[in-house]
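Architecture and fold: a report
The residues making up each chain are set out below.
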Amino acid sequence: MSGGPLPAGGPAALEAEVRAAFTPVLPPMGLGAWSLDVLIGYLPTHTVRPAHPYAAAHLHCPPDPVAVEADQLVAALNPSQDSWDQSAAASVIEACVIEEYSALAFGAPGSGSITSGGTESNHFALLLARDAALARAYAVDPAETGIPAAAAGRLRILTSEVAHFSVARAAAQLGLGERAVIPVPVQEDHRLDAAALSQAAKRIAADGDTLVAVVATAGTTDAGAIDPLTECASVARKHDAWFHVDAAYGGGLLLSNVRRSMLAGIELADSATVDLHKFGWQPIPAGLLLTRDPQALAPISRRVAYLSDLDDEAAGYPNLLGRSLRTTRRPDAVKILAAGRHHGLDGFTQMIESCFAQTAHVAAAIEARPEFELALRPALTTVLFRYRARNGDPDRVNAEARRALLAAGSAVVGRTALPGGGPGSLRLKFTLLRPETTNAELDALLDLVAAAAHACDVPSS
Ligand SMILES: Cc1ncc(COP(=O)(O)O)c(C=O)c1O
């Protein structure tokens, strides 16, 4: 146990302790209520706690207590969103959430799905994009026929070199292959280079290949960079391609009355990924895939006798199978609605402003401290920086310092590599998503990082 955001001791010691305390998972004789008491006593001090001010690594927010309470209600009631007769009110709540969030993104209600997160949302968007492209360019419905041989190896997706890896993974899962994804270079600020995007799209056309989608990122995972959305939209439109915005992180700005305009151009997208379990204070999972066209999800709908027969629908019982790629699923919309009504746009605006103010404070503090180097001016609420090693290899010193903080249980700081990777590219990262954190806590976190790095700054052997 430590006063920090995670247990001290590192992975091996923790694994031994957990196995000793909690296995077998299926004892021959049940242990009764006592076993839950043990779990309740143990877990809160032995998981990583994103509500701690020194848990500042990932897009991993402290969950809003109101949303947590609504989520417990859902767990107790256990509705399922695959048919009206397992859900009732929760299915209407889901429709209302999708309507309002899609209207925030596109200016008018569209459609969408509540997903397990950005990975599923990006997959879903690229599935819609692939099917639209194949219908357009090859006059087939791949849901029926699969990908025609003539299209194999000819379908392309353009996205920036720092786009989230789930884009490439989706391309692989959708039968396009990861090589279908052509990385477009970014500028120094990690924003996609629009001129390079336009050139790449022209090359695809010249080769006789099909541009399935342009995927822009609104809030890259590390730098928080927002791609030039309007320019990306115009390249997509010119080439008849789907325009998807991965706003898994930056989509939180839709909730801010003062920062929403940073997403200008998102209204031109065919679809957008927004993760409310990142910059939206929801318990995991709370992903949204939003589409501008209210009918965009029609192709995924199904009718099965045991969930949604035609006469039930004619009698007014809606078929819910067109709302998700999953079948049985929990109503995550309920916690989204609960937090939305509790805070309102005004409350979210203030929470977001607090995170931006913290980011400005940390960036200024790093610049003022000679032992640190700021990598980039922050775009959203992440800060990329490193300790200026004097004696050891900077990548090793910074990596070891981060692990030392993890092992001591004192802080969770992120690490990543600048685009291009290679020696000298490692950077530490703060992701600031906790509105209550004070500047004094952030200064103390920087002190912790500096002390750990100083201790690791010895000549490399
Ligand atoms: C830009 C971006 N897109 C997609 C994802 C994937 O989201 P998830 O982890 O919820 O699947 C992430 C995760 O950090 C992300 O940063």
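Rules used throughout
Residues numbered from 1 in each chain as written. Predicted model: local features only at pLDDT ≥ 70, side-chain atom pairs only at ≥ 80, totals over all residues. Heavy atoms only, no water. UniProt positions renumbered as here; feature names shortened; annotations may be inferred. Pairing = 2+ DSSP bridges. Helix = DSSP H or I, 4+ residues; strand = E, 2+ residues; numbered from the N terminus. Contact = heavy atoms within 4.5 Å. Axes fitted to C-alpha atoms, helices over the stretch in contact; angles between N-to-C directions. Buried < 20%, exposed > 50% of the residue type's maximum accessible area, 1.4 Å probe, protein only. Near = heavy atom within 4 Å. Polar contact = N/O pair within 3.5 Å; in protein donor to acceptor, adjacent residues only side chain to side chain. Areas by Shrake-Rupley, 256 points an atom, 1.4 Å probe, with all protein chains shown as cover. Salt bridge = Lys/Arg side-chain N within 4 Å of Asp/Glu carboxyl O.

As annotated in an unreviewed UniProt entry, the protein chain carries the name Aspartate aminotransferase family protein and comes from Actinospica acidithermotolerans. Check the Cofactor (unreviewed entry) section of the UniProt entry for the protein chain; it says "pyridoxal 5'-phosphate". Taken verbatim from the UniProt record of the protein chain, the Sequence similarities (unreviewed entry) comment is "Belongs to the group II decarboxylase family."

A closer look at the sheet that holds strand β11 (residues 412–417)
In a beta sheet, neighbouring strands pair by backbone hydrogen bonds and run either parallel or antiparallel. On the basis of which strands lie adjacent, the open sheet formed by five strands has the order β1-β11-β12-β10-β9 and mixed pairing. Lying at the two open borders of the sheet, with one neighbouring strand each, are β1 (55–56) and β9 (372–374). With four bridges connecting them, strand β10 (residues 382–387) and strand β12 (residues 426–431) associate as antiparallel partners. What sits directly across from Phe385, in β12, is Leu428. On top of the sheet, helix α12 (residues 394–408) reaches β10, β11 and β12; it is set at about 155 degrees to β11, its chief contact.

What about the pairing of strand β7 (residues 271–275)?
Where a strand is regular, its side chains alternate between the two sheet faces. Across the five residues of β7, five count as buried, placing the element largely inside the fold. The pairing of strand β6 (residues 242–247) with β7 spans four bridges and is parallel. Residue pairing for β7: Val245 is matched across the bridge by Ala272.

Observations regarding the site of the ligand
In the neighbourhood of the ligand, 14 residues make up the surrounding shell, with Thr119, Thr221, Asp246, His277 and Lys278 lying closest. With respect to the ligand, the backbone of Gly118 contributes an N or O atom lying 3.0 Å from an oxygen atom. One nitrogen or oxygen atom from the side chain of Asp275 is found 3.0 Å from an oxygen atom belonging to the ligand. The protein chains hide 83% of the 390 Å² of surface that the ligand would expose on its own. Top contributing element to the shell around the ligand by residue count: helix α5 (residues 118–138), with three residues.

Considering unusual backbone geometry
Cis geometry is found at the peptide bond from Thr23 to Pro24, where omega equals 5 degrees. For Pro24, the location among the structural elements is in the loop between α1 (10–22) and α2 (33–46). A cis geometry characterises the amide bond from Ile284 onward to Pro285, with omega recorded as 0 degrees. Among the structural elements, Pro285 can be located in the loop between β7 and β8 (287–291). Unusually for a residue other than glycine, Asn78 sits at a positive phi of about 60 degrees. Along the chain, Asn78 falls in the loop between α3 (65–77) and α4 (89–106). In this structure Asn78 comes out as exposed when scored by relative accessible area, which is 61%.

Let's talk about the environment of Val458
With respect to the helices and strands, the residue Val458 is situated in the segment after α13 (439–456). In sequence terms Val458 and Glu371 are 87 residues apart; their C-alpha atoms lie 15 Å from each other. Not counting residues within four places of it along the chain, the set of residues in contact with Val458 comprises Asn391, Gly392 and Arg396.

A few points about the pattern of salt bridges
Enumeration according to the criterion identifies 23 salt bridges in this entry. Between Arg156 and Asp209 there is a salt bridge, with its nearest N and O atoms 3.3 Å apart. In this pair, Arg156 is assigned in strand β3 (residues 155–160) and Asp209 in the loop between α8 (194–206) and β5 (210–217), connecting sequence segments 53 residues apart. By relative accessible area, Asp209 is classed as buried at 13%. Among the ionic pairs, Arg396 bridges to Glu400, the shortest N-O distance being 3.0 Å. Taken together, the positions of Arg396 and Glu400, both in helix α12 and four residues apart, correspond to about one turn of that helix. A relative accessible area of 29% means that Glu400 is categorised as partly exposed. Connected via shared salt-bridge partners are Asp71, Arg330, Asp332 and Lys335.

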